[in-house]
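Okay, here's what each chain looks like letter by letter:
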Amino acid sequence: MKKKHKAGKTVFEYAVMLIVVFVALLPVVWVLVSSFKTNKEILSSSFSLPTSLYLGGYKEALSKVNIPARFLNSLIVTSVSTVIGVTIYAMAAYVLARKNFIGKGIIFTIFISSMLIPGNALLQPIFLMMVRMGLYDTKAGLILVYIGFGMPISLFLLRSTFLGCPKELEEAAAIEGAGFLRTFWSVMLPLAKPALSSSAILMFLGNWNELVFALLLTSSEKNRTLPLTMKFFTTTFGFDYSAMLAALVLCMLPTIIVYLFLQRQIMESMIAGAVKG
Amino acid sequence: MRKNSTSTKIWIILFLIPTAAVFCLLFAVPLFTTVVSSFTKWNGMEPMKFVGLDNYIKIFQSKDFLTALKNTLIWAAAAAFIHVPFGVIVSLVLFRKRKGWKFVRSSFMIPNMISKTALALMFTFIFKPDVGILNSFLRGIGLEKWTHNWLQEEATALFSITNIWLWYAALITLITFSELTMISSGLAESAKIDGATDLQIDLLIYLPLLKRIIGTGVVIAVVGVFKEFETIFITTNGGPGNATMNLAMMMYNRIMNSSQYGYANALGVLLLLLSIGVLVICNKLFAMDKED
């Protein structure tokens, strides 16, 4: 009886694992395989393997939209916002964690409260502000918004790391004659490396995939980011499925490749971000 | 408390200014505008005209809103009662560390890594009436009559797009799993010696210890679906009719298509209140604010 029970459990566990892999990978694999099929092949049978490695879809997709340029735009906007964001939040987090001044707690609470605000609820005011500041349809405008998105989680992660740093190090630095900046830069920042990379990863991932603000705040091709390409293809290609699928592959491949290389760090960052936030 | 020297004081201020500026520009001022304008009639060109609670009254009387609210709440319930439990079950199964568990975990993360937009676009192919794999599969196994134009029929649209996010619970699995690794294995082992089955260990030992992390998961998931926009935007745009409209989508339409900013921002305020509500309820329910 007990043995039977155990076998049943093993079956259940493997069944769950199988379902998970199936649910997770089937759409991705199907899209990847189908992107090498001609439109006719896709229309005649959705499951068949491509008869030959058809690259027409990719050619078509690349000729319709300058995907490399958009990739570059995404890279610029996301990297710049991540670097600036993590830098200024590290500065603020350091002061909020290690220095004493009036209103410290309140300032931190107010900053962190931004976590509760769904970005979408501020869509229209931010849009209007960007127009008024002359930042509509500029990379700078989008960068500014993306810097803001990273605020609550980065501040939280970095502050708790700085809080945990031993006091002695700072004191030793002071005795050595290191000033405020030097202590921050050469003593404290290196200690916060894990939190810095977690914040950076979370900010980068979130903003790399961001669609709504990118859609609203940019209009010209030179500022469009990668996620918008996918929206573009749903409206433009209509029935050219192999081009649409090829475009989709080109949009998601970079993310998947980066993920495969940085898996451990990404998972750790997501755990830190979710649990501490 | 040691007194700060003047130069330190200046540094403190300098270090806080950038963050404070970003906060004011992107959170404080927009939030203020959202809340204030929600009591006005405003198209962005002319000055705001104070109308009291008019927008809110109009919202609550509109059928569109009730549909959007209903859909938003259906999704919140699906997130709390299907999405999160599924993620937790997967993490408990993975925690047995059967052969291949790492591969399963890595695979599960992939849909979470590619954007919601990409995932939604993929599913528009799966649900296509002619070439979609779902219908092809149904035809293949002789269930022709079960085929649908999944995204375009009122009866199936909401169900279909729910499936685009419902099972992708890798974040929940990830945080529950990391919590499981922190629970001492001694507890489970001594229970095993006392003759407890694995299922009993899961239900009676692990689950109570996971209460707070599950609470965190519910907050993340529910607040996440409140904001959910891309999935709908890419697939159905809220249609057919209003069948898949939610609050975020409705707000976007009001801003883009009709410049009813006061009305749209009142929707924004309601969205904000809903999110805060969920946070408060979950805090109480899962006793997340208690230290143990």
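Sequence order as written defines residue numbering, which begins from 1 separately in each chain. The naming scheme follows written order: chains are lettered A onward, ligands numbered 1 onward. Only residues with pLDDT of at least 70 are given local features in this predicted model, and only at 80 or more are side-chain atom pairs given and counted; all residues enter the totals for whole chains, interfaces and linings.

## Considerations on the domain arrangement of chain B
Thinking step 1. Boundary definitions for the domains trace back to an automatic or database domain assignment. Per the domain assignment, the segments of chain B are domain 1 (1-37) and domain 2 (53-285).
Thinking step 2. Each of domain 1 of chain B and domain 2 of chain B has a C-alpha centre, and the two are 35 Å apart.

## Focus: the environment of Y168(B)
All names here are of chain B.
Thinking step 1. The helix count covers DSSP runs of H or I at least four residues long, the strand count covers runs of E at least two residues long, and both are numbered beginning at the N terminus. Counting through the fold element by element, Y168 comes out in the loop between α7 (154-166) and α8 (170-182).
Thinking step 2. Once the C-alpha coordinates of Y168 and V84 are considered, the two residues, 84 residues apart in sequence, prove to be 9.7 Å apart.
Thinking step 3. Two residues qualify as being in contact provided that their C-beta atoms, derived from the backbone, are within 7 Å of each other. In contact with Y168, other than residues within four places in its own chain, are P111 and N112.

## Comments concerning the packing of α8(B) against helix α11 (residues 211-227) of chain B
All names here are of chain B.
Thinking step 1. Whenever a helix is involved, its axis is fitted only over the stretch in contact; in every case the axis is a line through C-alpha atoms, and angles between N-to-C directions fall within 0 to 180 degrees. It is at 10 Å that the axes of α8 and α11 come closest, and there the two elements cross at 165 degrees. Considering the angle they form, α8 stands roughly antiparallel to α11. At the point where α8 passes α11, the crossing takes the right-handed sense. Contact with α8, carried on its side by L171, I172, I175, T176 and E179, involves I213, T216, G217, I220 and A221 of α11 and no other residues of that element.
Thinking step 2. Ten residue types, Ala, Val, Leu, Ile, Met, Phe, Trp, Tyr, Cys and Pro, are classed as nonpolar, four, Asp, Glu, Lys and Arg, as charged, and the remainder, Gly among them, as polar. Split by residue class, the contact of α8 with α11 holds six nonpolar, three polar and one charged. In these notes the angle categories are as follows: under 35 degrees is roughly parallel, over 145 is roughly antiparallel, 65 to 115 is roughly perpendicular, and the rest is oblique. Two helices cross in a left-handed way if the nearer one is turned anticlockwise from the farther one by less than a right angle. They cross in a right-handed way if the turn is clockwise.

## Some details on helix α9 (residues 185-193) of chain B
Thinking step 1. With C-beta atoms placed from the backbone, the exposure class of a residue follows from how many other C-beta atoms lie within 10 Å of its own: 20 or more, buried; 12 or fewer, exposed; in between, partly exposed. A small share of α9(B) lies buried, amounting to zero of its nine residues.
Thinking step 2. In the segment just after α9(B), G195(B) is the residue with positive phi, at about 95 degrees.

## Some words on α11(B)
Thinking step 1. Taking 1.5 Å per residue as the helical rise, α11(B) with its 17 residues ought to reach 24 Å, and the 25 Å between its terminal C-alpha atoms agrees with that figure.
Thinking step 2. Burial in α11(B) covers these residues: I213(B), I214(B), G215(B), T216(B), G217(B), V218(B), V219(B), A221(B), V222(B), V223(B), V225(B) and F226(B). A helix's residues, less one, multiplied by 1.5 Å, set its expected span.

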